[in-house]
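# Inside the fold
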Protein chains: 2
Amino acid sequence: MTDRYNVAIMGATGAVGQIFLELLAERDFPMDELRLLASSRSVGKQLVCGERTLAVQELTHDAFDGIDIVLSSAGGSISKQFVPSAIDAGAVVVDNTSAFRMDADVPLVVPEVNPQDLDGHRGVIANPNCSTIIMVVPLWPLHVRHHVRRVVVSTYQAISGAGAKAMEELETQTRDVLSGKAANPRELPYQIAFNLFSHNTKIGPDGYCEEETKMIRETRKMFHDDGILVTPTCIRVPILRAHSESVNIEFEEPVTADEVRSILAEAPGVTIVDDREGNHFPMPLEASGVDDVLVGRIRQDLSRPDGTGVDMFLSGDQLRKGAALNAMQIAEALIERGQLRVKK
Amino acid sequence: MTDRYNVAIMGATGAVGQIFLELLAERDFPMDELRLLASSRSVGKQLVCGERTLAVQELTHDAFDGIDIVLSSAGGSISKQFVPSAIDAGAVVVDNTSAFRMDADVPLVVPEVNPQDLDGHRGVIANPNCSTIIMVVPLWPLHVRHHVRRVVVSTYQAISGAGAKAMEELETQTRDVLSGKAANPRELPYQIAFNLFSHNTKIGPDGYCEEETKMIRETRKMFHDDGILVTPTCIRVPILRAHSESVNIEFEEPVTADEVRSILAEAPGVTIVDDREGNHFPMPLEASGVDDVLVGRIRQDLSRPDGTGVDMFLSGDQLRKGAALNAMQIAEALIERGQLRVKK
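About the criteria used
Residues numbered from 1 in each chain as written. Chains lettered and ligands numbered in written order. Predicted model: local features only at pLDDT ≥ 70, side-chain atom pairs only at ≥ 80, totals over all residues. Helix = DSSP H or I, 4+ residues; strand = E, 2+ residues; numbered from the N terminus. Rg over C-alpha atoms; globule rule 2.2 N^0.38 Å. Buried ≥ 20, exposed ≤ 12 C-beta atoms within 10 Å, placed from the backbone. Domains from an automatic or database assignment. Contact = placed C-beta atoms within 7 Å. Nonpolar A, V, L, I, M, F, W, Y, C, P; charged D, E, K, R; others polar. Arc of directions from axis to C-beta. Core = buried A, V, L, I, M, F, W, Y, C linked by C-beta atoms within 7 Å. Axes fitted to C-alpha atoms, helices over the stretch in contact; angles between N-to-C directions. Parallel < 35°, antiparallel > 145°, perpendicular 65-115°, else oblique. Left-handed = near helix turned anticlockwise from the far one by under 90°. Least-squares fit on C-alpha atoms with pLDDT ≥ 70 in both. Pairing = 2+ DSSP bridges. Expected span 1.5 Å × (residues − 1). Bend = angle between axes of the 7 residues up to and from the residue. pLDDT = per-residue confidence, 0-100.

With that out of the way, let us pick up the overall build of chain A. In terms of helices and strands, chain A carries eight helices and 16 strands. Since a compact globule built from 344 residues should have a radius of gyration of about 20 Å, the 20 Å found for chain A is in line with a globular shape. Counting only C-alpha atoms and orienting by the principal axes, one finds that chain A spans roughly 60 × 55 × 45 Å. Counting the 344 residues in chain A, one finds 57% classified as buried.

See the structure below:
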């Protein structure tokens, strides 16, 4: 008989919260109680998970009684405030915010990359940034085989990364622009309908925005390799749900595009979409609702005549693998490894 | 008294043709007769250029009588067919297609880069590919000062590059998707509404598409430097009119972001939009209808610890500098240099 767990979702009404509900049902997670937590504004709102319909309860410090696992996606400051209470109540938290990601004693995990980092967790496991996750799923198996020295990555990020309201805003703005009205940005700093802009996180003194810095630091932490060099440029595009990335990789040694293709063909979490004849490659529309990261345009980088470069293009669902799915996979790995209960 | 010239537009009814009409009026081009040429389907259609309203005439081999300069943007096969007739009639052709770009005896010119290549032209001057033009305007002054060794570029290309019908299709598809209908791609191979895809030109045996190969070869030809290394990834995004590009540059020597910024501040055809505090950087919406290429996100590439790398992000109007404006500037340079009449 399988154990069944009491699950709480922090931020149940958000864009990622919705996908948690879908995935818990879809993946037949061994769940007993499900508790939906959100701010007082959402209390009483009915949400569906498989065959259950449940009312949202208020997120308070006492809300975690009897809970085994918390799937958290309510924003960094909410996590900082409530995650300690959840741990005190004996739950393990998989946190989808940036609150604890770079803490030395908090594992930052993509199960295809570093599941062993779950060992000895202290009650909270951090889920990486969406753009990082989608990049490292194909990058890690290549790094293991041929040591990646440097990555130049440009993102094409869906608006789901800015939340459910921003997704609605893309649609509203687009309707307005098509009917000749001015776009009215609220959640987003600029018009996103038929436009794109640099990721609107704070720019540091080095000129990189926070989203880009996350991609650099989180990759190093998960790969346990402070020498890996990454220069990202993060751009928001008028796409609803899946992120894409143009990735140029420099290896320590010559690697052919064919070798890359055969490594990725065996890699967990990767589907190759690379039909040169039919001009069919990864697209966010085809990545939406899909678990795997789609990888294509795999080719030898002609600008590295020594054969050490490969280019590729990825699309991955920002809400699934970029957020809720990866967190669910962490929860499943915790169960499989017998690490769900906090060791006090 | 300024000389005035008889001008013909080949492909007057297209997306670029429309901008030729705007620019001829706006820039007060020294024009006597204006002849609008297009296929028989468009004959009689009335188009406006400043205070003139003119009917489209049929593009035939005899249509160039008395014409001094032809601005051509009707597609490569049309150019191959009709440009020789225009030259025979004594006109100089600025050709916006790829028909003659790589011919050894045809100058390929961006006036900010290589106006001297107009010398000794033989009746046709090629206008480069839009993505190439937008990249080389800021790249060239940097190359002159610090020798660029390698460029990794990812494009965010507007749909205007696929023509006026494709621009309409982006709007139609978007309306359909917003009202719950399926998108119906006609001019484009895939849904472009709320989607993006790899540039749909033929993929060569090396895995690069034709658009990418153009960026590599045309840059080398204009820079007179077969050693410059470029690896482009070309992506179409749901934007109407201006292209954007994420550009990672490796120099032969250490160059600071500040040096790059001050070189570009003086560079013709460039406007710096790089407000880190206000998170305001180049956006296609703000580049649309603007002559200059907008350049921002200028920062030291932290993945090149030897200081030889710089990242930047560009937006430039695909129809203006990427096509019609550059062709007009070539025509103006020909006049200024006394090279408008074919030397037979």
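The next thing to look at is the domain arrangement of chain A. Residue and element names in this part refer to chain A. Assigned domains within chain A: domain 1 (5-128 + 323-336) and domain 2 (132-317). Its C-alpha centre places domain 1 at a distance of 25 Å from the equivalent point of domain 2. At the interface, 13 residues of domain 1 touch 17 residues of domain 2. By residue class, the composition of the side of domain 1 that touches domain 2 is seven nonpolar, four polar and two charged.

A few words now on the interface of chain A and chain B. Across the contact, 48 residues belong to chain A and 48 residues belong to chain B. The class makeup of the residues in the side of chain A that touches chain B is 24 nonpolar, 15 polar and nine charged.

All names here are of chain B. Taken together, the buried positions of helix α6 (residues 257-266) are occupied by Ala257, Val260 and Leu264. Taken down its axis, α6 places every buried residue within 60° of arc, on the same side. Seen from the buried face of α6, the exposed residues on the opposite side, beyond 90 degrees, are Asp258, Ser262, Ala265 and Glu266.

Counting 225 residues, the largest nonpolar core has Val70(A), Ala324(A), Val70(B) and Ala324(B) as the members making the most contacts within it. Setting aside residues up to four positions removed in sequence, Ala324(B) forms contacts with Val16(B), Ile19(B), Phe20(B), Leu23(B) and Leu319(B).

In this section: the packing of helix α3 (residues 130-146) of chain B against α6(B). All names here are of chain B. Contact geometry of α3 with α6 gives a least axis separation of 9 Å together with a crossing angle of 120°. In terms of orientation, α3 lies oblique with respect to α6. Judged by the twist between their axes, the crossing of α3 over α6 is right-handed. Residues Pro138, Pro141, Leu142 and Arg145 of α3 lie in contact with α6, whose contacting residues are Val260, Ile263 and Leu264. Residue classes in the contact of α3 with α6 are distributed as six nonpolar, no polar and one charged.

Below, the discussion takes up unusual backbone geometry. If you check the backbone angles, Phe194(A) has positive phi at about 50° while not being a glycine. Judged by local crowding, Phe194(A) falls into the buried class, with 24 C-beta atoms found within 10 Å. Of note in this structure, His147(B) is not a glycine but carries a positive phi near 45°.

Turning our attention to the relation of the copies chain A and chain B. Each copy of the sequence occupies a distinct position, and chain A is placed on chain B by a rotation of 180° and an axial shift of 0.0 Å, giving an RMSD of 0.0 Å. The superposition of one copy onto the other is thereby described by a two-fold rotation axis. A shared interface surface links the copies, since 100% of the contact residues of chain A are contact residues in chain B too.

Our next topic: the pairing of strand β15 (residues 293-300) of chain B. Residues and elements named next belong to chain B. With eight of eight residues buried, β15 lies mostly within the body of the structure. Judged from the three bridges that link them, strand β14 (residues 270-272) and β15 form a sheet pairing that is parallel. Residue Thr271 lies in a different strand from β15, and its bridge partner there is Leu294. Two elements, β15 and strand β16 (residues 309-317), share five bridges in a ladder whose sense is antiparallel. Each residue of the ladder has a partner; that of Leu294, found in β16, is Ser315.

Before going further, it helps to spend a moment on the packing of helix α3 (residues 130-146) of chain A against helix α5 (residues 210-223) of chain A. Residues and elements named next belong to chain A. Contact geometry for α3 and α5: axes closest at 10 Å, N-to-C directions at 40°. Seen along the crossing, α3 lies across α5 with a hand that is right-handed. Residues Ser131, Thr132, Met135, Val136 and His143 of α3 form the contact with α5, whose own contacting residues are Glu211, Lys214, Met215, Glu218, Thr219, Met222 and Phe223. Partitioned by chemical class, the residues of the contact of α3 with α5 number five nonpolar, four polar and three charged.

This brings us to the pairing of strand β11 (residues 229-233) of chain A. Residues in a regular strand point their side chains to alternate faces of the sheet. All names here are of chain A. Counting buried positions along β11 yields four of five residues, so the element is predominantly enclosed. Across five bridges, strand β9 (residues 148-156) lies against β11 in parallel orientation. Considered in β11, the bridge of Val153 is made with Pro232.

As a further point, take helix α2 (residues 76-88) of chain B. Residue and element names in this part refer to chain B. Given a rise of 1.5 Å per residue, 13 residues ought to cover 18 Å, and the 19 Å separating the end C-alpha atoms of α2 matches this to within 8%. Where α2 bends most, the angle comes to about 35°, and this point is Phe82, followed within four residues by the proline Pro84. Buried residues of α2: Ser79, Phe82, Val83 and Ala86, and no others. Buried residues along α2 sit against β1 (5-10), β6 (69-72), β7 (92-95) and β8 (124-126). Two residues or fewer after α2 comes Gly90, characterised by a positive phi angle close to 95°.

Residue and element names in this part refer to chain A. Secondary-structure assignment places Thr201 in the loop between β10 (197-198) and α5. Judged by the 16 C-beta atoms lying within 10 Å of it, Thr201 falls in the partly exposed class. Beyond its immediate chain neighbours, meaning those up to four positions away, Thr201 contacts Cys209, Glu210 and Glu211.

For the rest of this paragraph, the subject is the sheet that holds β6(B). All names here are of chain B. Judged by pairing direction, the sheet is parallel, and its six strands sit side by side in the order β5-β2-β1-β6-β7-β8 without closing on themselves. The strands lining the two open edges of the sheet, one partner per strand, are β5 (57-58) and β8. Direction of pairing for strand β2 (residues 31-38) relative to β5: parallel, over a ladder of two bridges. Its bridge partner lying in β5, Ala38 is registered against Glu58. Strands β1, β2 and β6 of the sheet are contacted by helix α1 (residues 15-26), whose axis makes an angle of about 155° with β1. Each of β6, β7 and β8 is contacted by helix α8 (residues 320-336), which is oriented at about 150° to β7, the strand it contacts most.

Residues and elements named next belong to chain A. On the basis of which strands lie adjacent, the open sheet formed by six strands has the order β11-β9-β13-β16-β15-β14 and mixed pairing. In this open sheet, the two edge strands, each paired with only one partner strand, are β11 and β14 (270-272). Strand after strand, the sheet turns through a mean of 25° between neighbouring axes, direction not considered. Here α3 sits on the sheet and contacts β9, β13 (242-251), β14, β15 (293-300) and β16 (309-317); the angle it forms with β13, its principal contact strand, is near 30°. Docked against the sheet, helix α6 (residues 257-265) engages β14, β15 and β16, running at close to 165° with respect to β15.

This part is about the confidence of the model for chain A. Considering every residue of chain A, the mean pLDDT works out to 96; 98% of them sit at 70 or more. For this predicted complex, the interface score ipTM comes out at 0.96, alongside a pTM of 0.96.

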